[in-house]
Amino acid sequence: MQHENQGIYPYQTDEIDLRKLVKSLIERKWFIFGFTGFVALLAIVYVLSLPPSPFIVKTTFLKPDKSSVLHLNKMNYLNETMESLHSSFLANLNKKTFQRKVFIEGDYLTKLNKKNKPIDDVDGYINGFLASISIELGETSISGAGSSFEAPCSVSIQVAGTKTSVAAEFLDDLIAQTNNKTVSEYIHLINQMIAARLAEISLDRKLLILHKKNARLSKIDELTNSATIARSLGVIKNNFGQDSINSSSTTITVGDRRTHPDWYLYGETALLKRVEILKNVNDEEEFPEIDRLDIEKIRLESFNIEQDGINAMQLNQTAFASQISYNNKLILVLAIFGGFMLSIFLVLMMNLFKEDEA
């Protein structure tokens, strides 16, 4: 019996301790209720002291369409994709200097301060407004078998009071001007490439004409010298079909394997006629290489890329305002629960110190 009692003793001790714990909590119930109520009161005061809920002005957009990319790439000077074009748009959109430029040029400081109240730090005011701009990138989500949709990117501004209409106007203006800026940069780049190619064509054309002209002048000198030799030797007409030439001054025999000189074959009259023809030749005529360059030049000069119809994004939703609401109920529930748990912890600590003193 003694051993059995010893075996049951620990459980009896635990039961006694648990009873003591419950008893101590009941004895200090008013402390628990009071402390929990005090924390709840503080939470109510905090909720009531919160400022008016701010507003979020937001706009969303998607990547550009394929037609915009194809239009930019149709001259084969660029090799852009929807992703690269959209990345350039986002890079411009995120530039604070450009945001500030749109803000100032649109006179949004006056629109935000219609009562014309004095502002001590104008730069700080503008920077504070621009600092509230945030960009969230959408991600492609898969939905269903073999289908997908693309979550739009969004730009938002957090504003206070009733200035949501001005913030919405600014966002729409910022998106539109960023799109124009991005497309204009690409068009400017294409025009620069076309201008560089036109300069190359002009230089190549001049070099080809100069080369042909030098060859023609060299041929004229050669024929003129041959005509002089023919005249000095008395060869006035051509000697086609003859094996030798006889004159009072010289006799030349041409073998089967020897090349006939021009002055011998053509004579002075024919050579001078060829010289006259070459002098009147236009170096640009009957020149395939120059014709090819001229065709390319006409094609480049006639190319006119217009900004209309090209976009670096697709607007999904114009700017709209929504109010951020505080979850007051959640704050109160968490405060009451936290106060209740903390009060129990304090009761346990007080009992612990009481037992130590005893």
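Given the structure is predicted, the values throughout are model-derived calculations rather than measurements.

### Some details on the overall build of the protein
Part 1: Along its length, the protein carries 12 helices and eight strands.
Part 2: Looking at the protein residue by residue over its 358 residues, the buried ones come to 28%.
Part 3: In the protein, 79% of the contacts between residues at least 6 apart in sequence involve partners at least 24 apart.
Part 4: Summed over its atoms, the accessible surface of the protein is roughly 23,600 Å², and 57% of this surface lies on carbon and sulfur atoms.

### Let's talk about helix H11 (residues 288-302)
Part 1: Relative to the 21 Å expected for 15 residues at 1.5 Å per residue, H11 spans 21 Å between its end C-alpha atoms, a close match to the ideal helical length.
Part 2: Among the residues of H11, Ile 290, Leu 293, Glu 296 and Leu 300 are the ones counted as buried. One face of H11 carries all of its buried residues, which in axial projection span an arc of 125°. Away from the buried face of H11 by more than 90 degrees, exposed residues Pro 288, Ile 295, Ile 298 and Ser 302 are located.
Part 3: Residues of H11 that are buried in the fold lie against helix H8 (164-232).

### Considering the confidence of the model for the protein
Part 1: Mean pLDDT over the protein: 80, with 81% of residues reaching 70 or higher.
Part 2: Mean pLDDT across the secondary structure elements of the protein bottoms out at strand S3 (residues 140-142), with 44, and peaks at helix H5 (residues 96-105), with 94.
Part 3: Of the regions scoring below 50 in pLDDT, residues 140-147 engages in nine contacts with residues more than four places distant in sequence or in other chains.

### Brief notes about the environment of Asn 225
Part 1: Secondary-structure assignment places Asn 225 in helix H8.
Part 2: Judged by relative accessible area, which is 48%, Asn 225 ranks as partly exposed.
Part 3: When the C-alpha atoms of Asn 225 and Asp 262 are compared, they prove to be 9.8 Å apart, with 37 residues separating the residues in sequence.

### Some thoughts on the side chain of Thr 178
Part 1: Note on placement: Thr 178 falls in helix H8.
Part 2: Using a relative accessible area of 0% as the deciding quantity, one classes Thr 178 as buried.
Part 3: Apart from the residues lying within four places of it in its own chain, the contact partners of Thr 178 are Phe 89, Asn 92, Leu 93 and Phe 98.

### A look at the nonpolar core
Part 1: Within the largest apolar cluster, 42 residues are counted, with the highest numbers of intra-cluster contacts made by Phe 61, Phe 89, Leu 93, Phe 103 and Phe 170.
Part 2: It is H8 that provides the largest number of residues to this core, a total of 13 residues.
Part 3: Counting 11 residues, the second-largest nonpolar core is a separate cluster that includes Ile 220, Leu 223, Trp 263 and Leu 271.

### Points about the pattern of salt bridges
Part 1: For the structure shown, the criterion picks out 10 salt bridges.
Part 2: Glu 83 is the partner of Lys 63 in a salt bridge, and the nearest nitrogen-oxygen pair spans 3.6 Å. Taken together, the residues span a long stretch of sequence, with Lys 63 in the loop between strand S1 (55-62) and helix H3 (66-73) and Glu 83 in helix H4 (residues 82-93) at a distance of 20 residues.
Part 3: Residue Glu 169 is joined to Lys 111 by a salt bridge in which the shortest nitrogen-to-oxygen separation is 2.7 Å. Here the residue Glu 169 occupies a position in helix H8, and Lys 111 occupies one in helix H6 (residues 108-112), the gap between them amounting to 58 residues.
Part 4: Each of Arg 197, Glu 200 and Glu 296 takes part in one network of salt bridges that share partners.

### A word on unusual backbone geometry
Part 1: The phi torsion at Asn 76 lies on the positive side, around 65°, for a residue other than glycine.
Part 2: If you trace the backbone, Asn 76 turns up in the loop between H3 and H4.
Part 3: Assessed through its relative accessible area of 69%, Asn 76 is described here as exposed.
Part 4: Not every positive phi belongs to a glycine, and Asp 107 is a case in point at roughly 55°.
Part 5: Mapped onto the elements, Asp 107 comes out in the loop between H5 and H6.

### Comments concerning the environment of Met 82
Part 1: Positionally, Met 82 belongs in helix H4.
Part 2: It is 8.7 Å that separates the C-alpha atoms of Met 82 and Met 313, two residues lying 231 residues apart in sequence.
Part 3: Every residue in contact with Met 82, bar those within four places of it in the chain, is listed here: Pro 64, Asp 65, Lys 66 and Val 69.

### A short note on H5
Counting along an α-helix, one turn takes 3.6 residues, and residues three or four places apart therefore face a common direction.
Part 1: Inspection of H5 places Phe 98, Gln 99, Val 102 and Phe 103 among the buried residues, and these make up the whole buried set. Within H5, the buried residues cover an arc of 140° as seen down the axis, which keeps them to one side. Exposed side of H5, more than 90 degrees from the buried face: Thr 97 and Glu 105 are the residues found there.
Part 2: Where the residues of H5 are buried, they touch H4, H6, helix H7 (122-131), strand S2 (133-136) and H8.
Part 3: Once H5 finishes, Asp 107 follows within two positions and takes phi at roughly 55°, a positive value.

The rules behind each value
Residues numbered from 1 in each chain as written. Predicted model: local features only at pLDDT ≥ 70, side-chain atom pairs only at ≥ 80, totals over all residues. Heavy atoms only, no water. Helix = DSSP H or I, 4+ residues; strand = E, 2+ residues; numbered from the N terminus. Buried < 20%, exposed > 50% of the residue type's maximum accessible area, 1.4 Å probe, protein only. Contact = heavy atoms within 4.5 Å. Areas by Shrake-Rupley, 256 points an atom, 1.4 Å probe, with all protein chains shown as cover. Expected span 1.5 Å × (residues − 1). Arc of directions from axis to C-beta. pLDDT = per-residue confidence, 0-100. Core = buried A, V, L, I, M, F, W, Y, C linked by side-chain atoms within 4.5 Å. Salt bridge = Lys/Arg side-chain N within 4 Å of Asp/Glu carboxyl O.

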